[in-house]
Amino acid sequence: MSGAEALARLEDVGLSHDGGKSFVFRHVSLTLQPGEFVALLGPSGVGKSTLLRVLMGLSKPSEGDVAGPSQESMPQGAGASAHRRRAQALVFQDARLMPWRSVLQNVAFGLEGLGLNRQDRRERALAALRLVGLEEAADRWPKRLSGGQRQRVGVARALTVDPDLLLMDEPFGALDPITRSSLQDELLRIWQQTRKTVLFVTHDIDEALKLATRIVVLSGTPAGLSGELRLEAEQKEPDSPAFRIYAARLRAMIAGEPDPGGAPYWRSAEI
Amino acid sequence: MAAVSRRQRVVLSCLGLVVFFGGWEAAVRTGLLPSGMVPAPSSLWPAWLDEVHGGFWQQAILDSLSHYALGLLAGSLLGAGIGLLCGMVPVLDAFLSGIVHLLRPVPGLAWVPFAILWFGLNMAGATFIIAISVFWINFYATYAAVRSVDPELYELAAAFGHGSFPGRLFKVVLPASAPGVMAGLRTGLGQGWMSVVAAELFGVPGIGARMMQASSLLATDVVVVYMLTMALLYAVTDFLFGFVRIRVLRWQA
């Protein structure tokens, strides 16, 4: 495993709901380096979201070690209220906004309890809304938003706590293709601006290729990491030959077939 | 079916009342209903004026309002509070479930002997009877509302640093269950007035006691005056509570 600068690490992690008779996933080892955009790719129902929650500390693994950024908030000194933050934040597939809070109050949810005053909370929440282009919707109720807007609010809520690790659980999976594509573009822009470490769960190969700097594939029964790809900018051009080769290789990894080959940086995880 | 506008609703509901009282008056005057059994609506006005001039009406309202307000407050707070805790704490829920099933079917009236024994023939006894009947409505409404909170909201709270008991209570449970809790409070407002009569049955002064006195004298017009008084008081409390409800649940609008 690489150096001490790793941001989060799973080591030989397994999860069983029946005391070890059968496993959802097993022998999963994964290290996240600062600044990476990692896509966790796999078919529906394979346990990607559960793995994400284990990494966050929201679920306990049945075996193995988890070292993530801690659940705790990170108040950095008394005077530095603008820098109070949380180690990690999550964006849900269903946006999961609280209907009784306005858009702004939803975004400020993670800021509460960090020792910020009302004015600081408001300014930081507004800044996050500005980042996702929804500043004018600050005082609306969530039910007045479209699906894409709700998802933007979910992204803003996660960004406003300035997390070291941003976890995204199929955040655009329920959106129509046009909205999904524009939110993907926005996420890339935000990521290039903030250089947050991102772990992005998806079952969409094109989405993983478009967004990530590294793709890890979770598949099989019990699921394990069945492959990994590192991507350079030139390989992320849709409809380029490299993009198509990578997509074919990812499909093979998901299906558990032999790697068709054709591009560098490939290794098969030993299980 | 044609939709009925808000304005049409009000007009139609007033029309219904006019038909009801008009038909009633006509039935008594034509002898269809014997006047000894049912007072004519036209006789209610003088009966009401008599009660007001004697000061009985105002005093009865003041007395009943004080039992009602205290009983409602105590019953609502305790019912909603214990219902909330049972909804959130499975151990407490399981521990109390037997006791709840034992006490739930006991009607408010059955507590009257104990109210007299424990509190005496006074305001505290009447307050106790009202509080008990309001308690159960709020207990069940709040319990159900808390139990039906979307568990995914707890996960949301945990993911953003509010996974502790106070975090879940204040950031999730209280706002998420507010619609159900408000519905329980509102039902309790009505139930409270209904139990005022039971609470004053044994002689604590108030609207209920005055009704009992009048009925023992077969003064049916006075009984009806107090029935209508209670309906009016209920309408006023429900109307005022509407403002609270709209304020608390404005996100539902």
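Along every chain, residues carry numbers that run from 1 in the direction the sequence is written. Here every chain gets a letter starting at A, and every ligand a number starting at 1, in the order they are written. Owing to the predicted nature of the model, reporting of local features is limited to residues with pLDDT of at least 70; listing and counting of side-chain atom pairs is limited to 80 or more, with chain, interface and lining totals taken over all residues. Values shown for side chains rest on all heavy atoms present in the structure; no hydrogens or waters enter the calculation.

**Comments concerning the overall build of chain B**
- Numbering goes from the N terminus for both helices and strands, where a helix is a DSSP run of H or I of at least four residues and a strand is a run of E of at least two. When helices and strands are counted, chain B shows ten helices and zero strands.
- Counting helices and strands in the order they occur from the N terminus, chain B gives α-α-α-α-α-α-α-α-α-α.
- Across the 253 residues in chain B, those meeting the buried criterion constitute 42%.
- Residues are treated as being in contact if the distance between any of their heavy atoms lies within 4.5 Å. Within chain B, residue pairs in contact and separated by at least 24 positions form 72% of the contacts whose partners lie at least 6 positions apart.
- Residue-level accessible areas treat just the shown protein chains as cover; the underlying method is Shrake-Rupley with a 1.4 Å probe. Looking at chain B as shown, the accessible area adds up to about 13,900 Å², and 74% of this sits on carbon and sulfur atoms.
- Here chain B carries 13 positive and 11 negative side-chain charges, and the mean point of each set is 10 Å from the other. Remark: exposure states derive from per-residue accessible area (1.4 Å probe, protein chains only) relative to the maximum for the residue type, with buried under 20%, exposed over 50%, and partly exposed in between. When charges are counted, Lys and Arg contribute as positive and Asp and Glu as negative, whereas His and the chain ends are disregarded. For the purpose of locating charges, the reference atoms are NZ of Lys, CZ of Arg, CG of Asp and CD of Glu.

**With respect to the pairing of strand β9 (residues 197-202) of chain A**
Residues and elements named next belong to chain A.
- Within β9, six of the six residues are buried, which leaves the element mostly enclosed by the surrounding structure.
- Burial of β9 is two-sided: the residues Thr-197, Leu-199 and Val-201 facing one way and the residues Val-198, Phe-200 and Thr-202 facing the other way are all buried.
- Strands are treated as partners if at least two bridges between them are detected by DSSP. As defined by bridge partners, strand β3 (residues 37-41) adjoins β9 across five bridges and the pair is classed as parallel. What sits directly across from Phe-37, in β9, is Val-198.
- Note that strand β8 (residues 165-169) and β9 share five bridges and pair parallel. If you follow Leu-165 over to β9, its bridge partner there is Thr-197.
- If you view a crossover with the strands going away from you and the path from the first strand over the helix to the second runs clockwise, you call it right-handed. For the crossover that starts at β8, traverses helix α5 (residues 177-194) and ends in the parallel β9, the hand is right-handed.

**Things to note about the packing of aromatic side chains**
- Two rings belonging to Phe, Tyr or Trp (six-membered ring only in the last case) form a pair when the distance between their centres is within 6.5 Å. Interplanar angles under 30 degrees mark stacking, angles over 60 mark edge-to-face geometry, and anything in between is tilted. Applying the stated criterion across every chain, the model contains 24 aromatic pairs over all chains.
- Taken together, the aromatic side chains of B:Trp111, B:Phe114, B:Trp118, B:Phe119 and B:Phe128 make up a single cluster linked through ring pairs.
- The residue whose ring lies beneath A:Arg249 is A:Tyr246, and the NZ or CZ to ring-centre distance is 5.9 Å. Geometrically, a charge over a ring is one whose NZ (Lys) or CZ (Arg) sits within 6 Å of the ring centre while staying within 35 degrees of the ring normal.

**Digging into a nonpolar patch on the surface**
Residues and elements named next belong to chain B.
- On the surface, Leu-232, Val-236, Phe-239, Leu-240 and Phe-243 cluster together into a nonpolar patch covering about 530 Å² of accessible area.
- Residue position: Val-236 is located in helix α10 (residues 220-248).
- Residue class for Val-236 comes out partly exposed when judged on its relative accessible area of 41%. Nonpolar side chains (Val, Leu, Ile, Met, Phe, Trp, Tyr) within 5 Å and like charges within 9 Å form the patches, drawn only from residues with over 30% relative accessible area and no salt bridge. By convention in these notes, a salt bridge is any Lys or Arg side-chain nitrogen within 4 Å of a carboxyl oxygen on Asp or Glu.

**Focus on α10(B)**
Residue and element names in this part refer to chain B.
- By this rule the span expected of a helix is its residue count minus one, scaled by 1.5 Å. Between the first and last C-alpha of α10 there are 42 Å, a value that for 29 residues agrees with the 42 Å anticipated at 1.5 Å per step.
- Where α10 is concerned, the buried positions are Val-222, Val-223, Val-224, Val-225, Tyr-226, Thr-229, Met-230, Leu-233, Thr-237, Asp-238, Phe-241 and Gly-242.
- Each element contacted by the buried residues of α10 is listed here: α1 (6-29), α2 (41-53), α3 (56-88), α8 (165-199) and α9 (207-216).

**Points about the UniProt feature "domain: ABC transmembrane type-1" (unreviewed entry) in chain B**
- UniProt positions are given in the numbering used here, feature names are shortened, and annotations may be inferred rather than shown by experiment. With numbering matched to this structure, UniProt assigns "domain: ABC transmembrane type-1" (unreviewed entry) to residues 61-245 of chain B.
- Taken end to end, residues 61-245 of chain B is 84% helix and 0% strand, and its first and last C-alpha atoms sit 25 Å apart.

**Looking at the layout of surface pockets**
- In this analysis, the protein atoms alone were mapped onto a 1 Å grid. Cavities are point sets where a 1.4 Å probe fits without being able to get out; pockets are open sets with protein on both sides within 12 Å along at least five of seven lines; lining residues have an atom within 4 Å of a point. Grid points are joined across faces, edges and corners, and a volume is the space filled by probe spheres set on the points. Here the largest pocket is characterised by a volume of approximately 700 Å³.
- Of all the elements in the fold, those that place two or more residues in the lining of the largest pocket are α2 (103-107) and α3 (118-131) of chain A together with α3, α8 and α10 of chain B.
- At seven residues, the largest contribution of residues to the lining of the largest pocket is made by α8(B).
- Charged residues are taken to be Asp, Glu, Lys and Arg, nonpolar residues to be Ala, Val, Leu, Ile, Met, Phe, Trp, Tyr, Cys and Pro, and polar residues to be all remaining types, Gly included. When its residues are assigned to classes, the lining of the largest pocket shows 14 nonpolar, five polar and eight charged.

**Looking at the sheet that holds strand β2 (residues 25-32) of chain A**
Residues and elements named next belong to chain A.
- Taken in spatial order, the three strands of this open sheet run β2-β1-β4, and their pairing is antiparallel. Of all the strands in the sheet, just β2 and β4 (63-67) have a single pairing partner and so form its edges. Sheet twist, expressed as the mean angle between neighbouring strand axes with direction ignored, is 15 degrees.
- As judged from the four bridges shared by strand β1 (residues 8-15) and β4, these two strands associate in the antiparallel manner. Across the sheet, the residue bridging to Gly-14 is Glu-63, located in β4.
- Contacts between helix α1 (residues 48-56) and the sheet are confined to β1, β2 and β4, with β1 contributing the most and set at about 125 degrees to the helix. Helix axes are fitted only over the stretch in contact, all axes being lines through C-alpha atoms; the angle between N-to-C directions runs from 0 to 180 degrees.

**Focus: the interface of chain B and chain A**
- Listed as interface residues are 18 residues of chain B and, on the opposing side, 24 residues of chain A.
- Of the roughly 1,900 Å² buried where chain B meets chain A, counting both sides, 64% is carbon and sulfur surface.
- Where chain B packs against chain A, one counts four salt bridges.
- Note that A:Arg53 is salt-bridged to B:Glu155, the shortest N-O span being 2.5 Å. Buried surface area refers to the total accessible area, computed with a probe of radius 1.4 Å, that the two partners give up upon joining, counted for both partners together.

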